[in-house]
Amino acid sequence: MKRFQSTEAVIALVLLAVTVLIGLINPAFWGVANLFSLAKANVVIGIMALGVLLIMISGGIDVSFPAISAAALYITVRTMVALDYDGVLLPFIAASVIGVLLGAFNAFIIDRFKMIPLIVTLGTASIIRGLVLGLLGTSIVNINKMPDALIEFGKQDLTTVTAQNGATVGLTAMILVYLAIALVIHIILRHTMTGRSVYAYGGDPESARRAGVNTRRTIFFVYCTAGLLAGFAGLLHSSMIWQANPRDFMGLELDVIAAVVLGGASIFGGRGSVLGTMIGVFTLVMVKNSLILMKVDTTWQRVVVGMIIIAATAITAWRDRKKLA
Amino acid sequence: MSEYLIELKNISKRFGGVRALDGVSICIRPGEIHCLAGENGSGKSTVIKVMSGIYTPEEGEILIDGTAVSRLDPIMAVQKGVQVIYQDFSLFGNLTVAENLALNTYLLEGRSRMDWPRAREMAREVLARLDVEIDIDAEVETLPTSGKQIVAIARALLARARLIVMDEPTTALTGHEVDALFGIVRDLQKQGIAVLFVSHKMREMLEISERLTVFRNGKKVAEGAMSEFDEPAITRAMTGLELDDEPYEPEIPADAAPALEVEGLTVSGSVDDVSLTLRPGEIVGISGLIGSGRTELARALFGMENASARRFRVAGKDVLPRSVQEAISLGIAYVPEDRLSEGLFLTQSIERNMVVSILDRLRRGLFLDRDAMRGKTEEMFAAMQIAAPSPETAVGNLSGGNAQRVMLGRWLLTGAKVLILNGPTVGVDVGSKAKIHHIIRDLAREEGVAVLMISDDVPELTGNCNRIHVMHEGRFVGAFSGAEMTEDAINDSLKALK
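Residues numbered from 1 in each chain as written. Chains lettered and ligands numbered in written order. Predicted model: local features only at pLDDT ≥ 70, side-chain atom pairs only at ≥ 80, totals over all residues. Heavy atoms only, no water.

**Here's the deal with the overall build of chain A**
Link 1 in the chain: Of regular secondary structure, chain A possesses 13 helices and two strands.
Link 2 in the chain: Scaling as 2.2 N^0.38, a compact globule of 325 residues should have a C-alpha radius of gyration of about 20 Å, and chain A matches this with 20 Å.
Link 3 in the chain: Counting only C-alpha atoms and orienting by the principal axes, one finds that chain A spans roughly 60 × 50 × 35 Å.
Link 4 in the chain: Residues classed as buried in chain A amount to 53% of the 325 residues present.
Link 5 in the chain: Within chain A, residue pairs in contact and separated by at least 24 positions form 78% of the contacts whose partners lie at least 6 positions apart.
Link 6 in the chain: Carbon and sulfur atoms provide 70% of the accessible area of chain A, an area that totals close to 14,600 Å².
Link 7 in the chain: Here chain A holds 24 positive side-chain charges and 15 negative ones, and the gap between their average locations is 10 Å. (Helix = DSSP H or I, 4+ residues; strand = E, 2+ residues; numbered from the N terminus. Rg over C-alpha atoms; globule rule 2.2 N^0.38 Å. Buried < 20%, exposed > 50% of the residue type's maximum accessible area, 1.4 Å probe, protein only. Contact = heavy atoms within 4.5 Å. Areas by Shrake-Rupley, 256 points an atom, 1.4 Å probe, with all protein chains shown as cover. Lys, Arg positive; Asp, Glu negative; His and termini not counted. Charge placed at Lys NZ, Arg CZ, Asp CG, Glu CD.)

**Some words on the environment of Met240(A)**
All names here are of chain A.
Link 1 in the chain: Within the secondary structure layout, Met 240 lies in helix H10 (residues 215-241).
Link 2 in the chain: Measuring from C-alpha to C-alpha, the distance between Met 240 and Glu 152 comes to 8.9 Å, with 88 residues separating the pair along the chain.
Link 3 in the chain: In contact with Met 240, not counting residues within four places along its chain, are Lys 40, Val 43, Val 44, Gly 154, Thr 172 and Met 174.

**Quick look at the domain arrangement of chain B**
All names here are of chain B.
Link 1 in the chain: Along its sequence, chain B is organised into domain 1 (6-239) and domain 2 (260-495).
Link 2 in the chain: Its C-alpha centre places domain 1 at a distance of 35 Å from the equivalent point of domain 2.
Link 3 in the chain: The interface is formed by 11 residues belonging to domain 1 together with 10 residues belonging to domain 2.
Link 4 in the chain: Interface of domain 1 and domain 2: buried area, both sides summed, is about 920 Å²; carbon and sulfur atoms make up 49% of it.
Link 5 in the chain: In this structure, the connection of domain 1 to domain 2 is made through zero salt bridges. (Domains from an automatic or database assignment. Buried area = accessible area lost by both parts, 1.4 Å probe. Salt bridge = Lys/Arg side-chain N within 4 Å of Asp/Glu carboxyl O.)

**What about the interface of chain B and chain A?**
Link 1 in the chain: At the junction of the two partners, chain B supplies 24 residues and chain A supplies 23 residues.
Link 2 in the chain: Here chain B and chain A share four salt bridges between them.
Link 3 in the chain: Notably, a salt bridge pairs Arg271(A) with Glu141(B), separated by 2.4 Å at the nearest N-O pair.
Link 4 in the chain: Applying the counting criterion to the chain B and chain A interface returns 10 residue pairs in polar contact (both at pLDDT 80 or more). (Polar contact = N/O pair within 3.5 Å; in protein donor to acceptor, adjacent residues only side chain to side chain.)

**As for the confidence of the model for chain B**
Link 1 in the chain: When pLDDT is averaged along chain B, the result is 87, and 96% of the positions lie at 70 or above.
Link 2 in the chain: For chain B, the element scoring lowest by mean pLDDT is helix H11 (residues 339-342) of chain B, at 61; helix H4 (residues 116-129) of chain B scores highest, at 94. (pLDDT = per-residue confidence, 0-100.)

**As for H4(B)**
Link 1 in the chain: Between its terminal C-alpha atoms H4(B) stretches 20 Å, which fits the 20 Å expected from 14 residues at 1.5 Å a residue.
Link 2 in the chain: Turning to H4(B), its buried residues number three or more, namely Trp116(B), Ala119(B), Met122(B), Ala123(B), Val126(B) and Leu127(B). An end-on view of H4(B) places all buried positions within 120° of arc, on one side of the element. Of the residues in H4(B), the exposed ones pointing more than 90 degrees away from the buried face are Pro117(B), Glu125(B) and Ala128(B).
Link 3 in the chain: The elements touched by buried residues of H4(B) are helix H7 (174-191) and helix H8 (193-203) of chain A together with helix H3 (97-109) and helix H5 (145-158) of chain B.
Link 4 in the chain: Two or three places before Arg118(B), at the opening of H4(B), Asp115(B) has a side-chain oxygen 3.2 Å from that residue's backbone nitrogen. (Expected span 1.5 Å × (residues − 1). Arc of directions from axis to C-beta.)

This is the structure we're talking about:
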């Protein structure tokens, strides 16, 4: 428990340092409008990251969740448009179920054929993307066709302020959805045997089996939950940007994995926490956001994300090796 | 109530064509400290797995508390109180002591909620029962081996163990830790819990066990109260051989120059100012615990560590090898501890594995001289008495003893004059072991090779070496030769180390 706290403390310190640095370089960072947009940018990536966190604690990795998100949101919205259905609850359930099913497919292959998760999810990502584009087409559902209820849902703000230039900016209410999901995942990981089994399995699969962990259930749990969160986050994203694009989230897996690793999860499995992951996501989003504020080209942002992955992985690997010695 | 807690009667178990267990019986009384002894491959591990329900025997009967159990499965075994502590402990390094202790119980109880306060309380209670102090909030991977072992024992206790089977429990422990473990085991005994040690370390077993069962080649060859046995009797039972006790006496010409002379060898953090002289024909042993720096010493002599030395004289030259290639060209050879990961190419043939060390000498122009390759291999294949259909056989298909002889052959092909052996018979069966010892002694005596032998197996050292150094924390802390070089003396010296 001591280390549990100290890891988060280290990440929080990194976050603090980065914040101060960014604030010094660019005072516009502290503007309310910017902070609100920062909070908004955390929501979707954060929910996805929580799913990836589960998988990484179990010792696996998932690069298919952006494809799952895109599939879930596009299938749901296209179906709504086709049926002329408008609503919020049912579509979100549908998107989540699509996510769960795709996650279960990952879990099935990984468990049944004892395959490496990276390869499996690379494969399923490609299959899912291909199927969605091939079967449903590539056209983007724009605001004019987007179901109104979804748009209205995504527009909800907790509070609004009027910026100096006269524009009103709001703090999205979706942040509450994110926080609620984070709390649930935290409770599962920390206070249920299902969650502890994920840590045990990630720590040593063979010992977990001997201790009586239902390893198949554990694998299905992490991949299905990650799929659920990906599907949900996909439709949430869609309702927040009033658009459904089947090509959305291309390359996002790297950002999210970077955030999770930055948040202290071990690439070897067995370690990671919700709080750490949330701080990791916040740090990553903030860095990217600041690069935009500083008008750094998006291509260069890729360079930064890559460097964050390597640096964060190096630090956690170094930490884990030191523990083993 | 039956006299015995668990009885195995006439158990037989086959794997393919191999009879791993051939009508063996073993019985354990409640609260008894029992030792199951046997060499590698004698059927010890198989019988543990029968007891814990992992293997179902083809023949024989298992009685628990005097009642026959028709099909023992792992869950039933646990319910009946049989707990096995494997060498790797099956603990979760990433979780705390408390959680490691509670996890099995919670899973067994089919709980869905992780009750942290109860977990910590359970951990505190069970550790108090063992009278040990371990930080229950520490992550298990931060504990030393002895600490992990205690956690594993505590976990077995929490599972209401009545019989705790411990597989080679003293392998990675220091002398003091072994004493502490024995203290715990005696406490367990007072609480009515039986302990079955599975081991081949006779001296320790003589100290603690009350009864002994000895296996050899899947058969029970001896059993009885420990007081009826002494060490030679147990060894005889284990090996079936009257072991040749004659110590190795090299014949060294008085004027012979040392094959290797090292003064003040230091590797930062592991070897501290070690001086060593090997004369041709000598077999010098190094005894020491894991982590004593003995492996680093061997690697340093072979140019694999960043070492420094005041003097390093080999093959008549003052030069400290800085790379493996350089060490080989100076006539040094090293057979590593873990031949599977550090030495052999398992998917490749015996021939390729052997000649890999002398490829540059087998070159003809741009190509390899296949005839020379074959000739050299055939020669060594015969000399090492490798039991395989041909030199084409993949090394991965060989037994431990044969694989080790391939390794020896490889280095002898280099014409090495200094041979460093690290654990030369780890995982090798008895017959093969004697053969390897014989080969090593012949090499020293007849070819004048100077051998440095590092081993955990004290009898192996006393039986084959003419001098032995005890190493601890990077230094030589004791030297034995002649009449003083007895197993007792070396074991005592090892036990005194912390």
